[in-house]
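Chain by chain, the residues:
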Amino acid sequence: MVEKKRTRIGLIGCGFYAQNHLHAWTDLKAEGADLVAVCDLDPNKSAAAALQFDAKAYTDAKAMFQAEALDLVDITTQMGSHKALAALAAEHGVAAVVQKPFAPSWGECIDIVETAKRHNTWLAVHENFRFGTAMRRVRSVIDSGAIGTPNWARLGFRTGYDVFKGQPYLANEKRLVILDVGIHVLDLARFFLGEVDHLSCETQKRIPTIAGEDTATIMMRHTSGAVSLVESTYAARKIPDAFPETLVEIEGTEGAIIVTRGETMQVTTQGIFFEEKIGSALLPWTSRPWHGSQEAVLHANRHMLEAFRAGRPASTSGEDNLKTYALVEAAYESAATGQKIRPPVWIPRV
Ligand code: NAD
Ligand code: 89V
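Predicted model, so just to flag it, every value in this text is computed and none were measured.

## Here we look at the overall build of the protein chain
Secondary structure assignment for the protein chain yields 10 helices and 14 strands. Relative to the compact-globule value of 20 Å for 350 residues, the protein chain shows a C-alpha radius of gyration of 20 Å, a close match. Viewed in the frame of its principal axes, the protein chain has a C-alpha envelope of about 60 × 50 × 40 Å. Looking at the protein chain as a whole, 56% of its 350 residues are labelled buried.

Laid out in structure tokens, this is it:
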């Protein structure tokens, strides 16, 4: 049997969270992924990643694109560099996966999508909450029909964990909790209950030492008629802390799904109740409390690899993630105006 061409992968941005991407691509070697090059502006970071993960080190993305015949690049830098790096990939005919947030603004997200379309290159966003083991199990229960049609949900990422220790730049972001983690929970709301017609949002600043909002409470009306509450905060003050778990309550026409701290799922289906532990196991390169998030990187990267190799869009394609990002923009507009806001819609220009 002729082995399918392997996928040559480059990674740009060897920072804090990228370590999980590097481990994940290495684990996916057996499934056709060859991590051949890593790039970081900081030569120490690119050299360390190259040594640990047996790849070639670069400090300039353009040099990497010119020297390496890449099939796909994983952009794991912060959002301010995403548009330029995604454009560089498209100009070199290289598929790209861009970490969340897609970009700092709605307009830049559209530019990234339209640049990829102009160059006919494959584009996805690494939005991994929907790929987490626990959230995939919740989705499988919904798909089984056990709770009928979901019509109400409360999804919450409520933590007081010191996220600023590993990601110090977050303390300076003017748009913080919705753009950094609310974006994940909004994507889960779409994943579980479908698209959104309109929303309203209240934000709060309860941590005096940071620049942006640290708490957001969003109420959404989905086009199905369902209503969801999407909550995100870095200012929770309770023990035990659920970080980095998303707590879930989904009610449907035939039952309900509840996911409590510690990733215990309770399902009621047509008057019958059962409980199940749905959390992630530890991998050789994961550790608590991040292990669920880290494993979600492996699941997400596997999805990206399989979709790219099959020539089909990722479920979190650039175009799909625009629908999640639109909810972020609508939430900020609602918080600023006090109005119910319908999310913006991308009208393709190309
Ligand atoms: P980081 O600052 O630790 O790492 C980014 C790296 O990119 C730095 O080492 C920097 O030198 C490098 N870099 C920047 N511009 C570059 C360029 N033009 N060329 C080459 N290298 C460049 O950032 P981080 O905390 O790892 O976050 C990176 C992204 O991952 C952010 O968008 C963040 O929101 C996201 N993130 C996602 C998750 C998740 O998927 N659940 C979790 C944490 C962070
Ligand atoms: O997962 C993320 O995007 C991180 C968080 C602190 C929310 O875990 O930024």
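## Quick look at the packing of aromatic side chains
All told, the structure shown has 10 aromatic pairs when counted by the stated rule. Here Phe-157 and Phe-243 contribute two aromatic rings whose centre-to-centre distance is 6.0 Å and whose plane-to-plane angle is 85°, an arrangement assigned as edge-to-face. Of this pair, Phe-157 sits in strand 7 (residues 150–158) while Phe-243 sits in the loop between strand 10 (227–233) and strand 11 (247–252), and the two are 86 residues apart along the sequence. No difference in accessibility class separates Phe-157 from Phe-243, as the two residues are buried. A connected cluster of aromatic rings, assembled from ring pairs, spans Phe-16, Tyr-17, Phe-129, Phe-157, Tyr-161, Phe-243 and Trp-290.

## Description of the environment of Val-267
Mapped onto the elements of the fold, Val-267 is located in strand 13 (residues 264–269). Sequence-wise, Val-267 and Ala-307 are 40 residues apart; in three dimensions their C-alpha atoms are separated by 31 Å. If near-sequence neighbours (up to four positions away) are discounted, Val-267 is found in contact with Val-141, Ala-256, Ile-257, Ile-272, Phe-273 and Phe-274.

## Here we look at the site of ligand 2
All residues in the neighbourhood of ligand 2 are listed as Lys-100, Phe-129, Val-163, Gln-167, Asp-180, Val-181, His-184, Tyr-234, Phe-243 and Trp-290. The side chain of Lys-100 places a nitrogen or oxygen atom 2.8 Å from an oxygen atom of ligand 2. In isolation ligand 2 offers 270 Å² of accessible surface; the protein chains occlude 94% of this area. Under a 2 Å grid-point criterion requiring more than half of the atoms, the pocket assigned to ligand 2 is the largest pocket. The element best represented in the shell around ligand 2 is helix 8 (residues 177–193), accounting for three residues. Partitioned by chemical class, the residues of the shell around ligand 2 number six nonpolar, two polar and two charged.

## With respect to unusual backbone geometry
Backbone torsion omega between Lys-100 and Pro-101 reads -10°, so that peptide bond is classified as cis. Structurally, Pro-101 can be placed in the loop between strand 5 (95–99) and helix 5 (106–118). In this model, Phe-243 is joined to Pro-244 through a cis peptide bond whose omega is -5°. Relative to the helices and strands, Pro-244 is located in the loop between strand 10 and strand 11. Unusually for a residue other than glycine, Asn-120 sits at a positive phi of about 55°. Here Asn-120 shows up in the loop between helix 5 and strand 6 (123–126). Despite not being glycine, Gln-270 shows a phi value in the positive range, around 50°. Along the chain, Gln-270 turns up in the loop between strand 13 and strand 14 (272–277). On the basis of relative accessibility, which here comes to 60%, the residue Gln-270 falls in the exposed class.

Reading guide: rules and limits
- Residues numbered from 1 in each chain as written.
- Chains lettered and ligands numbered in written order.
- Predicted model: local features only at pLDDT ≥ 70, side-chain atom pairs only at ≥ 80, totals over all residues.
- Heavy atoms only, no water.
- Helix = DSSP H or I, 4+ residues; strand = E, 2+ residues; numbered from the N terminus.
- Rg over C-alpha atoms; globule rule 2.2 N^0.38 Å.
- Buried < 20%, exposed > 50% of the residue type's maximum accessible area, 1.4 Å probe, protein only.
- Phe/Tyr/Trp six-rings, centres within 6.5 Å; stacked < 30°, edge-to-face > 60°.
- Contact = heavy atoms within 4.5 Å.
- Near = heavy atom within 4 Å.
- Polar contact = N/O pair within 3.5 Å; in protein donor to acceptor, adjacent residues only side chain to side chain.
- Areas by Shrake-Rupley, 256 points an atom, 1.4 Å probe, with all protein chains shown as cover.
- 1 Å grid on protein atoms, 1.4 Å probe; cavity = no way out; pocket = protein on both sides within 12 Å on 5 of 7 lines; lining within 4 Å.
- Sits in = over half its atoms within 2 Å of the grid points.
- Nonpolar A, V, L, I, M, F, W, Y, C, P; charged D, E, K, R; others polar.

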